[in-house]
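# Architecture at a glance
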Amino acid sequence: MMLRQLEYLIALSREQHFARAAEECAVSQPALSEGIRKLEKELGVPLVRRGHAFQGLTVEGQTVLKWARKLVKDHESLKQEVSHHEAGLNGTLRVGTVPAASSTVVALTNAFAREHPLVNIKVQASLHSAEIVRQIRNYELDAGLIYAQPQDVEGLRSFRLYSEEHVLLTSPQMQISPEQSSWTQALQLPLCLLDSSLRGRQVLDQALLQHGLKAKPRIECDSIVTLLAHVATGHWASIVPRQWLPPIGDLPDIVQTRLDDPKVTSEISLVMEDEEPLSLMSQALNRLIFEIFP
C-alpha cells in the first residue's frame, strides 16, 4: 500500500469525479484509476462504486477513507516533527467555525499565522457544529469553533473560549432607549436574524423561550455580512453576539444597544483532536488558545 494511493482515494471522495481528482493530484486519470484499483486488489474489497461515472464509495471505501485521512495526516505530522527544528512549523492548519464565530476566529488565525509564518491556514466559516465535529473526527479539520454540548464532543479536546453577550443593532433612527432597553422592545422591531437552521439561532431561540419570549424575524440569512448590510439600510434591526463586532471594525451609522433584561447568553468552545502523540500543529494551537483566551 502506497501513501499516494490513499491520497488518490481522498481526492476522489472530495471531488466526486475521477478527472477532477486526477487534476488535483497532478496525475492522469488512468494513473489515478489504476492506483485505486491496486489499492482495492491489495485490500481485497471494492472501494468505489463505478458506472459510466463516479457513483460514490462503497461501505468498505468509507471505512478505508477514514483511515486514509488519518494516515495522511500522521504522515504530515511526522514530516513536521523531523523538519521543524530547522525550518519551523509548516503545513496547513484547517479550521471550521459556526457562522456565529466567523469573525471571532480571526483572533486565533491571525495570531497563529504571525507566530508561524510557514503555516498556511484554511478557514471554513459557515459550518454547523455537528459537521465540524464530524470533520474533526474524520481528520478533515484540525479544530473548530462551535456551540459545544458535552455529549457531542466526547473523545475530543474542548476549550471554552467565551460567553456570548447579545446586542441590538439598529440605525440611529430606530435606536431604543439604552436606559430602558429590553428584549421585549427589541423583539418588536423589524428583525433580520440568523437562519433558524443554524445552531447560533437555535441557542438564542431556546434561551428566549426560557424567559417566555420569541423572535419572529421577517428576514433570515446565514451571513454576518448580510445581517449588517440589512441593518445599514436603516429599515432593519438585528440581534448578534457583541463578540462578533470588534474584529469587523467601525460600523458607521449602526448603533449597538446592550440587551441585559433578561440576560441571554451562550458559550463558544474550540474543539480539536485528543490523540497522543498530539501533532505539532495541534500542540501549537493548544498553547495559543490559553494566551488569547486566558
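These remarks concern the structure in this document. (Residues numbered from 1 in each chain as written. Predicted model: local features only at pLDDT ≥ 70, side-chain atom pairs only at ≥ 80, totals over all residues. Heavy atoms only, no water.)

## Things to note about the overall build of the protein chain
Cut-off, in case you're wondering: For helices the rule is a DSSP run of H or I covering at least 4 residues; for strands it is a run of E covering at least 2, with both sets numbered from the N terminus onward. Working definition: with a 1.4 Å probe on protein chains only, accessible area under 20% of the residue-type maximum means buried, over 50% means exposed, and in between means partly exposed. Contact criterion: two residues are considered in contact whenever any of their non-hydrogen atoms come within 4.5 Å of each other. The method behind every accessible area is Shrake-Rupley, applied with a 1.4 Å probe, and residues are considered shielded solely by the protein chains displayed. Here the positive residues are Lys and Arg and the negative ones are Asp and Glu; neither His nor the chain ends is included. Charge positions come from single atoms, namely NZ of Lys, CZ of Arg, CG of Asp or CD of Glu.
From N to C terminus, the protein chain includes ten helices and twelve strands. If one aligns the C-alpha atoms of the protein chain with their principal axes, the spans along those axes are about 70 × 50 × 35 Å. Taken across its 294 residues, the protein chain has 47% of its residues classed as buried. Relative to all contacts within the protein chain whose residues are 6 or more apart in sequence, the contacts with residues 24 or more apart total 72%. Surface summary for the protein chain: the accessible area is close to 15,200 Å², and the carbon and sulfur share equals 51%. Taken together, the 29 basic and 35 acidic charged side chains of the protein chain have centroids lying 5 Å from each other.

## Some thoughts on the side chain of asparagine 138
Tracing the backbone through its elements, the reader meets asparagine 138 in the loop between helix H6 (129–137) and strand E5 (143–146). Here asparagine 138 falls in the buried class, since its relative accessible area comes to 16%.

## Comments concerning the pattern of salt bridges
Between side chains of opposite charge, pairing is possible as soon as their charged atoms come close. The criterion, for reference: Whenever Lys or Arg places a side-chain nitrogen within 4 Å of a carboxyl oxygen from Asp or Glu, that contact is recorded as a salt bridge.
Taken as a whole and assessed by the stated rule, the structure comprises 16 salt bridges. Aspartate 74 is paired through a salt bridge with lysine 70; the nearest N and O atoms lie 2.9 Å apart. Separated by four residues within a single helix, aspartate 74 and lysine 70 lie in helix H4 (residues 59–87), roughly one turn from each other. Across the salt bridge formed by glutamate 220 and arginine 201, the nearest N and O atoms sit 3.3 Å from each other.

## Some details on the nonpolar core
To keep it simple, the criterion reads: Here, nonpolar core means buried Ala, Val, Leu, Ile, Met, Phe, Trp, Tyr and Cys residues that are tied together by side-chain atoms lying within 4.5 Å of each other.
Ranked by size, the top nonpolar core spans 52 residues in total, and within it Phe112, Leu145 and Leu270 carry the most contacts. The element that contributes the greatest number of residues to this core is helix H10 (residues 280–292), accounting for six residues. Those residues in contact with leucine 270 that sit more than four places away from it in its chain are Leu108, Ala143, Gly144, Leu145, Arg157, Ser158, Phe159, Leu161 and Ile289. Counting residues in hydrophobic clusters, the runner-up holds 21 residues, among them Leu32, Val48, Ala68 and Val72.

## Some details on the sheet that holds strand E10 (residues 238–241)
Note the threshold: Two strands make a pair as long as DSSP finds a minimum of two bridges between them. Axis definition: a line fitted to C-alpha atoms, over the contacting stretch in the case of helices. Angles run 0 to 180 degrees between N-to-C directions.
The three strands are arranged E10-E7-E11 in an open sheet whose pairing can be described as antiparallel. Of all strands in the sheet, those with a lone pairing partner are E10 and strand E11 (255–258), marking the two edges. Here the average twist between neighbouring strands, direction ignored, is 35°.

## Description of the packing of aromatic side chains
Basically, it comes down to this: Put simply, two rings from Phe, Tyr or Trp (the six-membered ring, in Trp's case) pair if the centres are within 6.5 Å, and we call them stacked under 30 degrees between planes, edge-to-face over 60, tilted for the rest.
Under the counting rule described, the total for this entry stands at three aromatic pairs. Where phenylalanine 159 meets phenylalanine 290, the ring centres are 5.6 Å apart and the plane angle is 85°; that geometry is what we call edge-to-face. You can see phenylalanine 159 sitting in strand E6 (residues 157–163) and its partner phenylalanine 290 sitting in helix H10, a full 131 residues away along the chain.

## Comments concerning unusual backbone geometry
Negative phi values dominate among residues other than glycine, just as trans dominates among peptide bonds. Located in the positive-phi region is alanine 26, a residue other than glycine, with phi close to 60°. Along the chain, alanine 26 turns up in the loop between helix H2 (18–24) and helix H3 (29–43). Among the residues examined, alanine 26 registers a relative accessible area of 69% and is labelled exposed. Notably, tyrosine 139 is not glycine yet its phi reads approximately 65°, a positive angle. Of note, tyrosine 139 is situated in the loop between H6 and E5.

## Re the pairing of strand E2 (residues 54–57)
Both strand E1 (residues 48–50) and E2 contribute to a ladder of two bridges, which runs antiparallel. By the bridge assignment, valine 48 is partnered in E2 with leucine 57. From the end of E1 to the start of E2, which pair antiparallel, there are three residues.

## Overview of the packing of helix H1 (residues 3–15) against H3
For any two helices packed against each other, one specifies the inter-axial angle together with the distance between the axes. Using the following cut-off: Roughly parallel means an angle under 35 degrees; roughly antiparallel means over 145; roughly perpendicular covers 65 to 115; every other angle is labelled oblique. Should the near helix be turned anticlockwise from the far one by less than a right angle, the crossing is termed left-handed; should it be turned clockwise, right-handed. In the scheme used here, Gly and all other residues not listed as nonpolar or charged are polar, with Ala, Val, Leu, Ile, Met, Phe, Trp, Tyr, Cys and Pro taken as nonpolar and Asp, Glu, Lys and Arg as charged.
The contact between H1 and H3 brings their axes to 9 Å, and the two run at 110°. Regarding the angle of H1 to H3, the classification is roughly perpendicular. Crossing handedness for the pair H1 and H3: left-handed. Residues Gln5, Leu6, Tyr8, Leu9 and Leu12 of H1 form the contact with H3, whose own contacting residues are Ala31, Leu32, Gly35, Ile36, Lys38, Leu39 and Glu42. By residue class, the composition of the contact of H1 with H3 is eight nonpolar, two polar and two charged.

## A look at the sheet that holds E5
Spatially, the five strands line up as an open sheet ordered E4-E3-E5-E12-E6, and their pairing is mixed. Each edge of the sheet is formed by a strand with only one pairing partner; in this case those strands are strand E4 (119–124) and E6. Shown here is a sheet whose adjacent strand axes are inclined to one another by a mean of 20°, direction ignored. Sheet topology note: the strand E3 (residues 91–97)/E4 ladder contains six bridges and is parallel.

## So, H3
Put simply, the rule reads: To estimate the expected span of a helix, count its residues, drop one, and scale the result by 1.5 Å. This arc is taken over the directions from the axis of the helix to the C-beta atoms.
Helix length check: H3 (15 residues) gives 21 Å between terminal C-alpha atoms against 21 Å at 1.5 Å per residue, within 8%. Taken together, the buried positions of H3 are occupied by Leu32, Ser33, Gly35, Ile36, Leu39 and Glu40. Buried residues along H3 cover an arc of 160° about the axis, so they all sit on one side. Exposed residues pointing more than 90 degrees away from the buried face of H3 are listed as Pro30 and Lys41. The inward-facing, buried residues of H3 contact H1, H2 and E1.

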